[in-house]
Amino acid sequence: ARLAAGVDLAGGESSVVRRLPVAVESLRRATDALGARALTAADADQSWRADGQRSFTSWLAATTGIHRGRAGREIRRAHALRDDLPTFRALLARGELGADHVDAVVREAMASQDRLAALRDPDYGEHALAGAAADATASEFTRTVRLWAYRMDPHAADRKWRELLATEQCTLAQTLDGYHLQGFLTPEHGQMLRLALDAQTGQGRASDERTRAQRDAHALTALAKQALASGTLQRGARVRPHLIALVPLDTWTTTATAAALAGRTATTAAL
């Protein structure tokens with residue numbers, strides 16, 4: 001680590017500098033493979049219990065200082081590589097795919113016993129998924145694994161969707177200066193809202209100095225205005241909002257006459 005920190009990368013030749021991130025990623029993949037082996041060995045050794053931690057995840061987080069969620073994710077990946085994913089273990093060690101690819105398999109393809117059984121199938125199991133991962137980015141491969149998982153066990157996918165749907169929430173709390181908005185949506189509903197916000201915002205202009213968050217806030221407000229003005233909402237909200245001003249008749253007459261005269265004046269000037 002000290003040797004890497006002392007390497008000066010500034011001022012290098014462009015063709016070399018451009019390849020450095022790829023080289024570092026290859027190195028990271030090799031260390032991820034080694035790290036997975038180290039985790040399974042340390043877990044099996046059980047000597048970590050001498051430190052008084054209740055679980056291996058807690059011990060790893062406390063010892064290394066990493067987030068507990070990351071510790072659990074890396075432990076699950078390590079056990080999956082050792083017990084169920086020998087092909088992915090070899091590919092990761094050779095640097096042919098990254099930990100993100102493996103995590104997609106662990107998260108999506110190992111969520112039920114039916115999917116675990118399908119992974120062991122010689123024709124459409126782990127070997128087929130590894131082939132799909134070869135030329136795919138982690139994002140592309142994640143979508144592939146999700147589709148594979150649904151086909152292998154659609155009931156598990158339906159259960160997961162219902163569970164996620166039950167966790168959807170939206171809180172709009174009034175504060176001293178405005179309203180605070182937070183919540184959670186399922187991937188499908190989140191994508192739907194994302195598309196609606198993007199459609200409302202439209203193509204960004206160079207003169208628009210708003211941040212992405214500001215544009216989204218303004219787009220969400222505009223969508224609410226359109227919904228209220230549509231007249232299609234539930235009973236009690238179907239009448240389009242109006243602003244009514246009561247003024248004396250002579251004031252209205254004077255204002256209307258002045259506006260009419262101004263319109264004729266503008267038309268004459270144009271001619």
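Just above sits the structure.
Per-chain numbering applies: the sequence of each chain, read as written, is numbered from 1 onward. Reporting of local features is limited, given that this is a predicted model, to residues whose pLDDT is at least 70; pairs of side-chain atoms are given and counted only at 80 or more, and all residues count toward the totals for whole chains, interfaces and linings. Each side-chain value is derived from all of the structure's non-hydrogen atoms; neither hydrogens nor water enter the calculation.

S.K.: Quick one: what's the story with the packing of helix α9 (residues 138–152) against helix α10 (residues 154–166), residue by residue and with numbers?
M.R.: Axis lines are fitted to C-alpha atoms, over the contacting stretch for helices. Their N-to-C directions set the angle, which ranges from 0 to 180 degrees. Counting from the N terminus, the helices are the DSSP runs of H or I reaching at least four residues and the strands are the DSSP runs of E reaching at least two. Across the interface, α9 lies against α10 with an axial gap of 5 Å and an inter-helix angle of 115°. The angle between α9 and α10 falls in the class roughly perpendicular. Here Y150, R151 and M152 of α9 come into contact with α10, specifically with P154, A157 and D158. Ten residue types, Ala, Val, Leu, Ile, Met, Phe, Trp, Tyr, Cys and Pro, are classed as nonpolar, four, Asp, Glu, Lys and Arg, as charged, and the remainder, Gly among them, as polar. Class assignment of the residues belonging to the contact of α9 with α10 gives a composition of four nonpolar, no polar and two charged. Roughly parallel covers angles under 35 degrees, roughly antiparallel covers those over 145, roughly perpendicular covers 65 to 115, and oblique covers all other angles. Any pair of residues with heavy atoms lying within 4.5 Å of one another is described as a contacting pair.

S.K.: Let's hear about helix α5 (residues 86–93): which residues, and what values?
M.R.: For an α-helix, 3.6 residues make a turn, and residues three or four places apart therefore share a direction. Exposure classes here rest on a 1.4 Å probe applied to the protein chains alone. A residue is buried below 20% of its type maximum, exposed above 50%, and partly exposed in between. Those residues of α5 not exposed but buried are F88, L91 and L92. Projected down its long axis, α5 carries its buried residues within an arc of 100°, all on one side. Once α5 finishes, G95 follows within two positions and takes phi at roughly 75°, a positive value. When we speak of the arc, we mean the arc of directions from the helix axis to the C-beta atoms.

S.K.: Outline a nonpolar patch on the surface, supporting the account with residue identities and numerical values.
M.R.: Residues with no salt bridge and a relative accessible area higher than 30% make up the patches, which join like charges within 9 Å and nonpolar side chains (Val, Leu, Ile, Met, Phe, Trp, Tyr) within 5 Å. Calculation of accessible area relied on Shrake-Rupley with a 1.4 Å probe; when residues are assessed, cover is drawn exclusively from the protein chains displayed. In what follows, salt bridge is the name for a side-chain nitrogen of Lys or Arg lying within 4 Å of a carboxyl oxygen of Asp or Glu. Nonpolar side chains collect at one region of the surface, where L172, Y179, L181, L185, L193 and L220 lie side by side and expose about 560 Å² of accessible area between them. Inspection of the secondary structure puts L220 in helix α12 (residues 212–229).

S.K.: With reference to specific residues and values, describe the packing of aromatic side chains.
M.R.: Two aromatic rings are characterised by how far apart their centres lie and by the angle between their planes. Aromatic pairs are defined between Phe, Tyr and Trp rings, using the six-membered ring for Trp, whenever the two ring centres lie within 6.5 Å; interplanar angles under 30 degrees are classed as stacked, those over 60 as edge-to-face, and all others as tilted. This structure, assessed with the given rule, holds three aromatic pairs. Taken together, a centroid distance of 5.5 Å and an interplanar angle of 10° make the contact between F56 and W59 stacked. Linking F56 with W59, this pair stays in helix α3 (residues 56–64), spanning three residues, or about one helical turn. The exposure class of F56 is buried, given its relative accessible area of 6%. With 6.2 Å between their ring centres and 40° between their planes, F88 and F141 make a pair best called tilted. Highlighted residues: F88 in helix α5 and F141 in helix α9, separated in sequence by 53 residues. Exposure remark for F141: the relative accessible area of 0% places this residue in the buried category.

S.K.: I'd love a proper account of the environment of G202, names of residues and values included.
M.R.: Positionally, G202 belongs in the loop between α11 (187–201) and α12. The class of G202 is partly exposed, set by a relative accessible area of 39%. Note: C-alpha distance between G202 and A219 (17 residues apart in sequence) is 9.5 Å.

S.K.: Pulling in residues and values, what's your account of the layout of surface pockets?
M.R.: The way it works is a 1 Å grid over only the protein atoms, where trapped points that fit a 1.4 Å probe form a cavity and open points with protein on both sides within 12 Å along at least five of seven lines form a pocket, and then any residue with an atom within 4 Å of a point lines it. Grid points are joined across faces, edges and corners, and a volume is the space filled by probe spheres set on the points. Its volume calculated, the largest pocket comes out at about 510 Å³. If you list the elements that add at least two residues to the lining of the largest pocket, you get α9, α10 and α11. Sorting elements by how many residues they give to the lining of the largest pocket places α9 first, with six residues. Across the lining of the largest pocket, the residue classes break down as seven nonpolar, two polar and six charged. Of the pockets and cavities examined, the second largest pocket occupies roughly 300 Å³. In terms of lining residues, the second largest pocket is bounded by L172, Y179, L181, G190, L193, R194, L197, D216, A217, L220 and T221. Of all elements in the fold, only β2 (179–184), α11 and α12 reach the threshold of two or more residues within the lining of the second largest pocket. For the lining of the second largest pocket, the class distribution of residues is seven nonpolar, two polar and two charged.

S.K.: Hey, could you go over the pattern of salt bridges for me, with residue numbers and the actual values?
M.R.: This model, assessed by the stated rule, comprises 14 salt bridges. Across the salt bridge formed by E74 and R70, the nearest N and O atoms sit 2.8 Å from each other. Placement of the pair is E74 and R70 together in helix α4 (residues 68–83), with a separation of four residues, close to one helical turn. Its relative accessible area of 19% is what places E74 among the buried residues. Residue R120 is joined to D84 by a salt bridge in which the shortest nitrogen-to-oxygen separation is 3.4 Å. With R120 in the loop between α7 (113–119) and α8 (126–133) and D84 in the loop between α4 and α5, this pair connects stretches of sequence that are 36 residues apart. We classify R120 as exposed; its relative accessible area is 57%. When salt bridges that share partners are traced, they join R194, D198, R212 and D216 into one network.

S.K.: Residue-level account of unusual backbone geometry, with values.
M.R.: In the Ramachandran plot, Q46 falls in the positive-phi region, its phi being about 65° despite a non-glycine side chain. Locating Q46 in the fold gives a position in the loop between α2 (14–45) and α3.

S.K.: Account for the nonpolar core, with residues named and values stated.
M.R.: Burial of nonpolar side chains together is a common tendency in soluble globular proteins. Among buried residues, those of type Ala, Val, Leu, Ile, Met, Phe, Trp, Tyr and Cys that are joined through side-chain atoms within 4.5 Å constitute a nonpolar core. Of all hydrophobic cores here, the largest spans 36 residues; its most connected members are L85, F88, V105, L119, L129 and F141. At the level of elements, α2, α3, α4, α5, α6 (99–108), α7, α8 and α9 are the ones that each hand at least two residues to this core. Contact partners of L129, with chain neighbours within four places excluded, come to F88, A109, L119, F141, V145 and W148.

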